[in-house]
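Summary of structural features
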Amino acid sequence: MRSVHVTGVDTVDWVEVATPTCGPTDVLLAMKACGICGSDAMYARYGGIPPRQGATPLGHEPAAEVVEVGAEVEGIMVGDHVVIDTMAFTDGLLGSGGAQGALSELVLVQDAELGRQLKVIPAHVPWEVAALNEPMAVAYHGVNRTNPQEGDKVVVFGAGPIGLGAVLGYRRRGASHIVVVDLQPGRLETALAVGADAVIDSSQEDVAARLVELHGDASSPLVSGMRPGTDIYLDAAGAAVVPQSVTQMAKHGATLGIVAVHHQPVELDFGAILTTELNLVWSMGYPTEIFEVTEDLVENWEKYALIVSDTVPFDRALDALELARTPGAADKVVVTFE
């Protein structure tokens, strides 16, 4: 069968691989959709993902239909629609250095257990929306790491898929007011549609001054300068200017969460930050959140659907990868399988 692999530095191609065989404790899945993540381009740039040697399969944002169930597997039926914990496979991380990738026609879940690798979802949820389950879990872990409290005022930097997922996550956690900051008007419009209370175009507005208008003035003798009343800032943009700006305007005791990947070192003035007692937290993956987001995704799938900007058929998966890695060309690309 066909599968998309990293085959060399900056090289992605089709590879013919053996069709998997379903054993008594396994479940065989027909891929129906797979989102393209920014890390896919990073894997290609490196020429693969250690510790694998040679061609590395891609695809870790899947949704699938069950096509075969081993005799010893309970609670899963042929025809079920499922979302997938790609970090719980026994043969390695699906699409992130393991033996298989979701940009393939079929994927085998070995030693399958309902609730461990698989969760069944209703058939009415579109496949391209179901494929958001994995990145939305990443976003929700970022939300959880910042420990939001009921009524908190929140700012999310970056209106890409993770930032938009965080907006939905903060709303679930009881945030009273959510602002999204970005440079692209189209993305800011989507943020409002998804549920942000306000947006700021940082290319046109003074972010700190606008946040004082929206979240109040929290200036105090302990810290100098303009200090909005924002409780939580989440960096889903990955630009150095974000943490640098936040540390210059955060009120005493605020929290800054980093869920974005920064590809270059970021210089921060620790001396200036010290008096603010800023809480700095980091977020990676989804230790518990992979199926925690599923119920909300199912219930509000129309809102999540706004995050998907482009769908591309599996036959053009290489084009989808190129589209996703081209700056400004697309926001969230999902490959769909007929």
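Rules of the game
Residues numbered from 1 in each chain as written. Predicted model: local features only at pLDDT ≥ 70, side-chain atom pairs only at ≥ 80, totals over all residues. Heavy atoms only, no water. Core = buried A, V, L, I, M, F, W, Y, C linked by side-chain atoms within 4.5 Å. Buried < 20%, exposed > 50% of the residue type's maximum accessible area, 1.4 Å probe, protein only. Helix = DSSP H or I, 4+ residues; strand = E, 2+ residues; numbered from the N terminus. Contact = heavy atoms within 4.5 Å. Phe/Tyr/Trp six-rings, centres within 6.5 Å; stacked < 30°, edge-to-face > 60°. Lys NZ or Arg CZ within 6 Å of the ring centre and 35° of its normal. Pairing = 2+ DSSP bridges. Axes fitted to C-alpha atoms, helices over the stretch in contact; angles between N-to-C directions. Salt bridge = Lys/Arg side-chain N within 4 Å of Asp/Glu carboxyl O. Parallel < 35°, antiparallel > 145°, perpendicular 65-115°, else oblique. Left-handed = near helix turned anticlockwise from the far one by under 90°. Nonpolar A, V, L, I, M, F, W, Y, C, P; charged D, E, K, R; others polar.

This paragraph deals with the nonpolar core. Ranked by size, the top nonpolar core spans 44 residues in total, and within it Val156, Tyr170, Val180 and Tyr304 carry the most contacts. Among the elements of the structure, α2 (127-130), α3 (133-145), β9 (153-157), α4 (161-172), β10 (177-182), α5 (185-194), β12 (232-235) and α9 (294-299) are those that each provide at least two residues to this core. Beyond its immediate sequence surroundings of up to four residues, tyrosine 304 is in contact with Val129, Leu132, Met136, Leu168, Arg172, Asp296 and Leu297. Residues Leu58, Leu94, Leu118 and Ala320 belong to the second largest nonpolar core, which totals 35 residues.

Glancing now at unusual backbone geometry. With a phi close to 55 degrees, aspartate 10 is a non-glycine residue in the positive phi region. Looking at the element boundaries, aspartate 10 is found in the loop between β1 (2-8) and β2 (11-16). Since its relative accessible area comes to 47%, aspartate 10 is described here as partly exposed. Although it is not a glycine, asparagine 147 adopts a positive phi angle of roughly 55 degrees. Structurally, asparagine 147 can be placed in the loop between α3 and β9.

Per the counting criterion, the structure on display carries three aromatic pairs. Ring centres of phenylalanine 314 and phenylalanine 337 lie 4.4 Å apart, and the angle between their planes is 20 degrees; on these two criteria the pair is classed as stacked. With phenylalanine 314 in the loop between β15 (310-313) and α11 (317-325) and phenylalanine 337 in the segment after β16 (333-336), this residue pair connects regions lying 23 residues apart in the sequence. Here the two residues phenylalanine 314 and phenylalanine 337 agree in accessibility, since each one is buried. Sitting over the face of the ring of tryptophan 14, arginine 2 holds its NZ or CZ atom 4.6 Å from the ring centroid. One residue, arginine 172, lies across the ring of tyrosine 140, its end atom 4.2 Å from the ring centre.

Our focus in this paragraph is the sheet that holds β1. The three strands are arranged β2-β1-β4 in an open sheet whose pairing can be described as antiparallel. With partners counted over all chains shown, the strands left at the sheet margins are β2 and β4 (56-57), one partner each. Sheet topology places β1 next to β2; six bridges connect them, and they run antiparallel. Of the residues in β2, the one forming a bridge with arginine 2 is glutamate 16. Those strands touched by α11 are β1 and β2, and its axis lies near 160 degrees from that of β2.

Our focus in this paragraph is the pattern of salt bridges. Tallied over the entire structure, the rule returns 14 salt bridges. A salt bridge links arginine 2 to aspartate 315; its shortest N-O distance comes to 2.6 Å. Here aspartate 315 lies in the loop between β15 and α11 and arginine 2 lies in strand β1, a separation of 313 residues in the sequence. As a salt-bridge pair, lysine 251 and aspartate 231 come within 2.7 Å of each other at their nearest N and O atoms. Here the residue lysine 251 occupies a position in the loop between α7 (241-249) and β13 (255-258), and aspartate 231 occupies one in the loop between α6 (207-215) and β12, the gap between them amounting to 20 residues. The two residues lysine 251 and aspartate 231 agree in class, both being buried. Taken together, the shared-partner salt bridges connect Arg2, Glu105 and Asp315 into one network.

A separate point is the packing of α4 against α5. Packing of α4 against α5 leaves a shortest axis separation of 10 Å and a crossing angle of 25 degrees. Classed by the angle they form, the pair α4 and α5 counts as roughly parallel. Helix-helix and strand crossings are classified by hand; for α4 and α5 the assignment is right-handed. Note on element contacts: α5 touches α4 through Thr190, Ala191 and Val194, opposite Leu164, Val167 and Leu168. Of the residues in the contact of α4 with α5, the class split is five nonpolar, one polar and no charged.

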